[in-house]
Every structure is written in structure tokens, then in C-alpha cells.
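One letter stands for each residue in the lines below.
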Amino acid sequence: MWIETSTGNRIAKDAAISGPDNIVISGNCTIHPGASLHGDVTLLTPSTGPTILIGKYSHLNSNCQIIPPVLQDDKHGPVAIGAYCIVGHDTVVRLATIGNRVIIEDGCDLQNLSIIYDCCVIRKGTVVPPKMVIPPFSEVLGVPGTDFKVGELSNAYKKLIETEAKELQLQT
Amino acid sequence: MSKIYNDSYIYCPKLATHRTLDGFSANSVHHLSQLYFCPSCQAHKSRYDCYHNIECKFCSHCITDYSHTSNDTQRCAKNCFVCPSCTSSLTIFITDHQINGKLGKAFQFSCVYCTYTYQSGVITSPKSLHSIISSEKKEAQHQTFYKYQQQLSTASDAPVKQSETRLKNLSLSNISRTPDSPIDTLGPEDISEVRNRVEITTHPDHSNQYPVARKLTVKKSYKCLNCNTFLLLPHTEDGLLPTTNKLRVKFNAVDYMPSIKLTNTISPTILTTPPTETRNLQLECRRTFLINLMNPLEVDMKIHVGSLPYIADNFITGGNKLKFKVELSIPIPDIVIKSSGSTKNLIKTIPTACLTTKNTISKAELISRMGSALFKEKPEDTLDVSESSESLVAQGAGWSLIPLFISVQMNDETDTWDSSDLLDIKIPLYITVQAELPQAIKVLKLSKQNLSYGYWNVIDIGTYQVTK
Ligand SMILES: [Zn+2]
Ligand SMILES: [Zn+2]
Ligand SMILES: [Zn+2]
Ligand SMILES: [Zn+2]
């Protein structure tokens, strides 16, 4: 069920990857069944760089969606996901940047053009509103208007998230 | 073995000298990842055991550094506004207007997430958005007072007589003041603004709510309450981008204390069928669990795992818990966990019980560690758990596995067992650690020559059904 690349990426056969020429997946990533990467969008500013960039040792769980953010009408901007990132089941990513060592748990909705800095944990079911900036070492939970909260995440997570992502690769 | 998602907790006594367990509550236990380790006290510290100080504050949106402003500055002074009802960002549109022949501008704030909007009045002289909003807030207060005044002057001249007791009972409790809106007076300029104001739109749903300046993000340092040693200190030189996270000092508990996790015994069947966790404990039948211990130090760790002969009442919940006694025993309580040291290969540092067969690398490692034991006809457990055997312990780079025996007994033999007996079990283990001083502590030249500390680690094993 996996396609293994020479750089150690493992991509599920039924992961939906459109516009593969516009997608760069660094080494040792895992992309689970049903994950979808929308690389076939029109960019507002044509560029030679990738539309979707995924850093090394990142882990995209089943049925998550990576959609480049909308800049204007149906024109998009690129999306970059850092190294050692874990994107949960059914999570939708429409934001612009995710830093290195970020865990986004299951069922999150990361809305248009948000930015998540390094070393963050976004808890299950969180909605990150558009254009939100999540500073480094934050723990985020909840839905805006009801219980949205950005708290402090221990700096111990820098190492812990990296190990988590590497171990996940060995356990899948 | 996940150090982020696990059911292992460290007990934090209210007093550092207090070593007995009061029970398991959210206030008394923390995940290892949440704790600091004080190199001077040689003990773990939660945030509640620390002083903290704000070393740096900045706006996460415009990255303006506010570290050198007064303590009262808690919000961004630039054009960074958030929605008063959902705290999402507000976008600002500017529209041009003409008032009495003068050109002016109005500002429309809209929330990017919810339906909130705010329309400012027309401004004819340059003014910051902050002062526009604060003067409109003041204006609204003045209009409210004006309305009250009007009502008072049109009201009947004869005041309603209040009884004396009723007057005495009037309380001041409803008077409140929001700290973000100090009441101050209108200047002449503000008043002209009020007069020039034209009603453009109203916003009935949020009529009392004004855009709010964005809260600043802070970076804190933490110091041990007991001995004043820095446990965390961020770098805060001028010119350093506030979003960079360089640390001058960090003493995280995960770097000094072993990670502990309980797993079921490794069964050879995992090579053919996925392990289904049995959530049963059979009465009077010994069940073996494995304690997985991982050493984060660059030196070997000598560990003693202690426990009471049975689990105390307050660590078991469930309807009929008093009927049962849950006995514990640790046949090999003393072990040395080698440092994972220079082991570059991550797979070698994963305890056997946490390897899977789903991944080819993991499966190959599992086979190489377990060897022929996996292919024996039907061994009870692949780890030899005969009490005399040395092979009781499985070891690898930076980890060890030791068995833990659990058995459930009836407290009173005359009591009857029934199939609905569910027990929620937490296992307290007293861990003592001894090691040479790690380099990061050695350089502090403290009085202690070795690392030596003890603490309670509580493992939540979840709900088990007691079967006969
Ligand atoms: Zn505590
Ligand atoms: Zn201390
Ligand atoms: Zn700002
Ligand atoms: Zn809003």
C-alpha cells in the first residue's frame, strides 16, 4: 500500500496528490491513505518554487487536506510545512506557513493565511481563524468565540516533537 | 515510545520534603514534559514551584518588541486590533468622505472569522486608530450620560420617596470598571470630532463593543522557588528577533529524569495478528506488565523501582473497589540503564515493547532482538519471567524493560464476584535514581558530587474488568 521513494518518503497509494510537479516532499516523510495535497492550484504570483513544501520527517495522517491559501479570488499562495511536523487525521490546512516541530492533532481547521511558528501543539478539534499568527512554543486549543486559547508550551517539546515524528515514521 | 502522549505522571508534593502520596488529582501530578529539573535541589519543579519573570514581550503579528516598555503595557500600540467577541484579527478598510467641505476618512473594521464589524466616524485630522477608538468610546459614554440627564430633567419634579431601609440595602456590587477603558475626559479636539460625526452605519449586534488592541506575547524565565536557581532563561539581547527561541539556561525534567511507560508483555503473536489489549484482570491470577524505562542522560543511570505491596485505595476508582485488593510486585527492582550515548540509530533506542511490525525497519529490529523466541510453538511470554532468571530484564541503548506483576484478590472471601466489576487503576511507583553528574550540572560547580533523587511516578493503566 506504500510507495517508497529513494529519499525515504512513504506515500500511500491512495493518497490524493494533484499537481505533483508543484509539490516538494523532503526525505523520510509519511503520507497516509486518503490524505490530499492540492498542488494543482493557480498561484497569484507565478514562481519557480514549490506550491506545497513539506519538510523532512513530517507525517500527514489519513484524510488530512493540504490546500494552498487563497490570496485573491481563485488565486493562491504557496504553503510551507516545516520539518518534524505531524498533521492529524481529518485536519484541514489552508494556512501559509507551519514552522518546524509542530503537532496539529486530529480534526483541526487551520484557516486561510494563518502562520504557526516553530514548536507548537494545536490540540484536537481546534479552529485557527484566518490570518492568525501563533507564536513559537504555543499550545492552542478551542474554537474562536467560544473557547479559543493560546497558552505556553514547555520548551522541552522542541526535542520531544522531533523524536515523536521520527518514532512515528518507524512505527508506521 | 511517545513521551508526549502517555499515561505516566510525576507526583508534585505541596512541600518539597513531603514524600507521601495524597492521591491522584490534576493539581498534584504533571507530565514529565511539563516539569523542570532543579540541578541544585536535584528535584523536579512544576511551574507552581517557580518564580517567573517576563524577560521579553512582543506583538506576534507585527513582531514589535515591547520588552523595554513599562509593566503596564500588555497590548500592541500599532494597528493590530482583534475582534472583541472572538479575538480573531480585524481587517481595516479606509473610505473617503466629505464633511462640511472638509475631506475626511472613516475606518471599517471587520473580523476575519465572525460577523463583527465596526465603523468609525469620519476623521478630518490625522489621528491614530487607537485614539479614534478611545475617543469614540468616550463619546458613547458621554451620549449615555446625556441621555440619562435628559431623562432626569423630563422626569417628574417630585422625587419618588425611597424607604430608608431600601436605601441602606443598595449595594455597590454592580459597579465595575474594565481595566482597559480608563475613564478620562474629552479634550476640545475630541468634542469637535463628536460634532463632526456622521452616522454611517450602525452595528446592532456589537453596538457596545469596540475593536481591542492585540495582547502581547511574553517570554518568561523560571527560577526555583526553593533555591533561586534559573531553570529556564531565554536569550533576550537587543536586535534578536523576538520570535527566535534561544535559551541561556534550560533544565527540563525530560533531560534528567527517566521516561517511564507501562506496556503489556510482548507476545509472539504480534508478528501475525495485531496485539489486542486485554482489558481483563483475572482474579487470583498473576498478570505481567512491562515497565519501560528510558535514560535521557549521557551517563548510566542506576534505578530502583519501588512500590507498596498493594495499590492504595485512593489510586483505584470503580464502584466495587473496596471488594478488591490489587497486589503489586516488582521481582527485579534494581537496574542500571545504559546511556544511549553515541547511538545514532533511533530504532536501537526504542524499547522492544514499543516496536511494531507495520514498518519494515521496526519489524526487522524486533526479529533481531527477539530471535528464535518469536517462532517457538506457544510460549506464555517471550520474556522469561521466572523469578530467578537474569533474562528478566531486556535492555538496549538507553532503555530497559522490567516486569511488574499485578494480581487482584478478593478482600473478603465471603464477598461475591460479579461480571460488572470494573476497576480504574493507577499504579504509583517510587523511583530512585543515582548517576554521575551530567556535564550540564557539573559545570555549575554545586556542592553535590552525584545525581541522586527520588520521586513518585504514577501510571494510569485505565479501566480493567475483573474476571473469574
Ligand atoms: Zn506540581
Ligand atoms: Zn532548587
Ligand atoms: Zn502589533
Ligand atoms: Zn470575530
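In this text, all values refer to a predicted model and were calculated from it rather than measured experimentally.

## Describing the overall build of chain A
Helix and strand content of chain A: 1 helix and 24 strands. Expected size for 172 residues packed as a compact globule is a radius of gyration near 16 Å; at 15 Å, chain A falls within 12% of this value. Projected onto its principal axes, the C-alpha coordinates of chain A cover approximately 40 × 40 × 25 Å. Across the 172 residues in chain A, those meeting the buried criterion constitute 57%. Long-range pairs, those at least 24 residues apart, make up 37% of the contacts in chain A between residues at least 6 apart in sequence. Accessible surface, chain A: about 6700 Å² in total, of which carbon and sulfur atoms supply 51%.

## Here's the deal with the packing of aromatic side chains
Residue and element names in this part refer to chain B. For the structure shown, the criterion picks out 11 aromatic pairs over all chains. Between Phe 37 and Tyr 256, the aromatic rings sit 5.4 Å apart at their centres with planes inclined by 15°, giving stacked as the arrangement. With Phe 37 in strand β3 (residues 36-38) and Tyr 256 in the loop between β13 (247-250) and β14 (259-264), this pair connects stretches of sequence that are 219 residues apart. Both residues of the pair, Phe 37 and Tyr 256, belong to the buried class.

## A word on the state of the cysteines
Residue and element names in this part refer to chain B. A full pass over the atoms with the stated rule returns 0 disulfides over all chains. Free of any disulfide, Cys 56 has its nearest cysteine sulfur in Cys 59, 12 Å distant. We classify Cys 56 as buried; its relative accessible area is 5%.

## Some details on the pattern of salt bridges
Taken as a whole and judged by the stated rule, the model has 9 salt bridges over all chains. Of the charged contacts, one joins Glu 139 of chain A and Arg 123 of chain A as a salt bridge, the two residues approaching to 2.8 Å between their closest N and O atoms. Of this pair, Glu 139 of chain A sits in strand β23 (residues 138-141) while Arg 123 of chain A sits in the loop between β20 (120-122) and β21 (127-128); the two residues are 16 residues apart in sequence, bridging distant segments of the chain. Two residues, Lys 105 of chain B and Asp 96 of chain B, come together in a salt bridge whose shortest N-O distance is 2.9 Å.

## A few points about the coordination of the zinc ion (ligand 4)
Expected angles at a metal are 109.5 degrees for tetrahedral coordination by four donors and either 90 or 180 degrees for octahedral coordination by six donors. Residues and elements named next belong to chain B. Protein-derived ligands of the zinc ion (ligand 4) are Cys 83 (SG), Cys 86 (SG), Cys 111 (SG) and Cys 114 (SG), with the metal-ligand distances lying across 2.2 to 2.3 Å. Read from N- to C-terminus, the donor residues coordinating the zinc ion (ligand 4) fall into the pattern C-x2-C-x24-C-x2-C. With Cys 86 in the loop between β6 (81-82) and β7 (90-99) and Cys 114 in the loop between β8 (102-111) and β9 (117-119), this pair connects stretches of sequence that are 28 residues apart. For Cys 114, a relative accessible area of 26% gives the class partly exposed.

## Considering the interface of chain A and chain B
Counting residues at the interface gives 36 residues for chain A, matched by 40 residues for chain B. Summing both partners gives a buried area of about 3200 Å² for chain A against chain B, and 54% of it is carried by carbon and sulfur. Of all residues in chain A, Glu 152, Leu 170 and Gln 171 of chain A give up the largest surface area on contact with chain B, accounting jointly for 20% of the area buried on that side. Note that Glu 152 of chain A is salt-bridged to Lys 220 of chain B, the shortest N-O span being 3.5 Å. Looking at which element gives the most residues to the side of chain A that touches chain B, the answer is helix α1 (residues 157-171) of chain A, with 11 residues. A per-class count over the side of chain A that touches chain B returns 19 nonpolar, 8 polar and 9 charged.

## As for unusual backbone geometry
Residues other than glycine predominantly adopt negative phi, and peptide bonds predominantly adopt the trans conformation. For Tyr 57 of chain A, which is not glycine, the phi torsion reads 60° and is therefore positive. Counting through the fold element by element, Tyr 57 of chain A comes out in the loop between β8 (52-54) and β9 (59-60). The backbone of Gln 42 of chain B sits at a positive phi, close to 50°, despite the residue not being glycine. In this fold, Gln 42 of chain B is placed in the loop between β3 and β4 (43-45). Residue Gln 42 of chain B is classed as buried on the basis of its relative accessible area of 5%.

## Details of the pairing of strand β23 (residues 422-436) of chain B
Residues in a regular strand point their side chains to alternate faces of the sheet. Residues and elements named next belong to chain B. Summarising the sheet, strand β17 (residues 301-306) and β23 pair through 5 bridges and their orientation is antiparallel. By the bridge assignment, Ile 303 is partnered in β23 with Val 433. Here strand β18 (residues 316-317) runs beside β23; their pairing, made up of 2 bridges, is antiparallel. In the sheet register, Thr 317 faces β23, and the bridge partner there is Asp 424.

## Regarding the confidence of the model for chain B
Residues and elements named next belong to chain B. Overall, the predicted model of chain B reaches an average pLDDT of 80, with 77% of residues at or above 70. Taken as a whole, residues 268-275 scores under 50 in pLDDT and shows 12 contacts with residues more than four places along the chain or in a different chain. This stretch, residues 374-390, has a pLDDT under 50; its non-local contacts, to residues over four places away or in other chains, come to 31 contacts. Reported for the predicted complex are a pTM of 0.84 and an ipTM of 0.92.

## Examining the coordination of the zinc ion (ligand 1)
All names here are of chain B. On the protein side, the zinc ion (ligand 1) has Cys 12 (SG) and His 30 (NE2) as donor atoms, found 2.4 to 2.8 Å from it. Taken as a pair, Cys 12 in the loop between β1 (8-11) and β2 (29-30) and His 30 in strand β2 lie far apart in primary sequence, 18 residues in all. Across the pair, exposure class does not vary: Cys 12 and His 30 are buried alike.

## Some words on the sheet that holds strand β2 (residues 10-12) of chain A
The strands making up a sheet are joined through hydrogen bonds of the backbone, oriented either antiparallel or parallel. All names here are of chain A. Pairing is mixed across the open sheet formed by 9 strands, whose spatial order is β1-β2-β5-β9-β14-β17-β20-β23-β24. Looking at which strands have only one partner, the edges of the open sheet turn out to be β1 (2-4) and β24 (149-152). Here strand β14 (residues 86-87) pairs with strand β17 (residues 102-104) via 2 bridges, running parallel. Each residue of the ladder has a partner; that of Val 87, found in β17, is Ile 104.

## Some points on a negative patch on the surface
Residues and elements named next belong to chain B. A contiguous patch of negative charge on the surface is contributed by Glu 284, Asp 412, Glu 413 and Asp 415. Mapped onto the fold, Glu 284 is located in the loop between β15 (280-282) and β16 (287-294). A relative accessible area of 58% places Glu 284 in the exposed class.

## Here we look at the environment of Val 133 of chain A
Residue and element names in this part refer to chain A. Here Val 133 shows up in strand β22 (residues 133-134). Look at Val 133 and you get buried, because its relative accessible area is 11%. When the C-alpha positions of Val 133 and Ile 115 are compared, they lie 4.8 Å apart, and in sequence the two are 18 residues distant.

## Quick look at the sheet that holds β8 of chain B
Residues and elements named next belong to chain B. The strand order across the open sheet built from 3 strands is β7-β8-β9, with neighbouring strands paired in antiparallel fashion. In the strand order of this sheet, the two ends are held by β7 and β9, each with one partner. Across the sheet, the axes of successive neighbouring strands diverge by a mean angle of 15°, strand direction being ignored.

What counts and how
- Each chain has its residues counted from 1, running along the sequence as written.
- Here chains are named by letter from A upward and ligands by number from 1 upward, in the order in which they appear as written.
- With pLDDT at 70 or above as the cut-off, local features in this predicted model cover only qualifying residues; side-chain atom pairs require 80 or more to be listed or tallied, and sums for whole chains, interfaces and linings still use all residues.
- Side-chain measures here rest on the full set of heavy atoms in the structure, leaving out hydrogens and waters.
- Working definition: helices are DSSP H or I runs of at least four residues, strands are E runs of at least two. Numbering for both runs from the N terminus.
- Our radius of gyration looks at C-alpha atoms and nothing else; its globule reference is 2.2 Å times the residue count to the power 0.38.
- Accessible area is worked out with a 1.4 Å probe on protein chains only. A residue is then buried under 20% of its type maximum, exposed over 50%, and partly exposed in between.
- Should any heavy atoms of two residues lie within 4.5 Å, those residues are considered in contact.
- The accessible surface values rely on the Shrake-Rupley method and a 1.4 Å probe; as for residues, cover is taken only from the protein chains in view.
- Only Phe, Tyr and Trp rings are paired, with Trp represented by its six-membered ring, and only when their centres lie within 6.5 Å; those with planes under 30 degrees apart are stacked, over 60 edge-to-face, the remainder tilted.
- Put simply, a disulfide is two cysteine sulfurs that come within 2.5 Å.
- Salt bridges are defined by distance alone: a side-chain nitrogen of Lys or Arg within 4 Å of a carboxyl oxygen of Asp or Glu.
- For Na, K and Ca the donor cut-off is 3.2 Å; for every other metal, N, O and S atoms count as donors within 2.8 Å. Water does not enter the count, which can leave sites looking incomplete.
- Accessible-area loss on putting two parts together, using a 1.4 Å probe and summing over both, is the definition of buried area adopted here.
- Gly is placed with the polar residues, together with every amino acid not listed as nonpolar (Ala, Val, Leu, Ile, Met, Phe, Trp, Tyr, Cys and Pro) or charged (Asp, Glu, Lys and Arg).
- Pairing between strands requires that DSSP locate at least two bridges from one strand to the other.
- Values of pLDDT, which run from 0 to 100, indicate the predictor's confidence residue by residue.
- Exposure above 30% relative accessible area and no salt bridge define the residues that can form patches, which grow by joining like charges within 9 Å and nonpolar side chains of Val, Leu, Ile, Met, Phe, Trp and Tyr within 5 Å.
- Under the counting rule used here, the positive set is Lys and Arg, the negative set is Asp and Glu, and His together with the chain ends is not counted.
- Where a charge lies is defined by one atom per residue type, namely NZ (Lys), CZ (Arg), CG (Asp) and CD (Glu).
- Angles run from 0 to 180 degrees between N-to-C directions of axes, and those axes are lines fitted to C-alpha atoms, restricted for helices to the stretch in contact.

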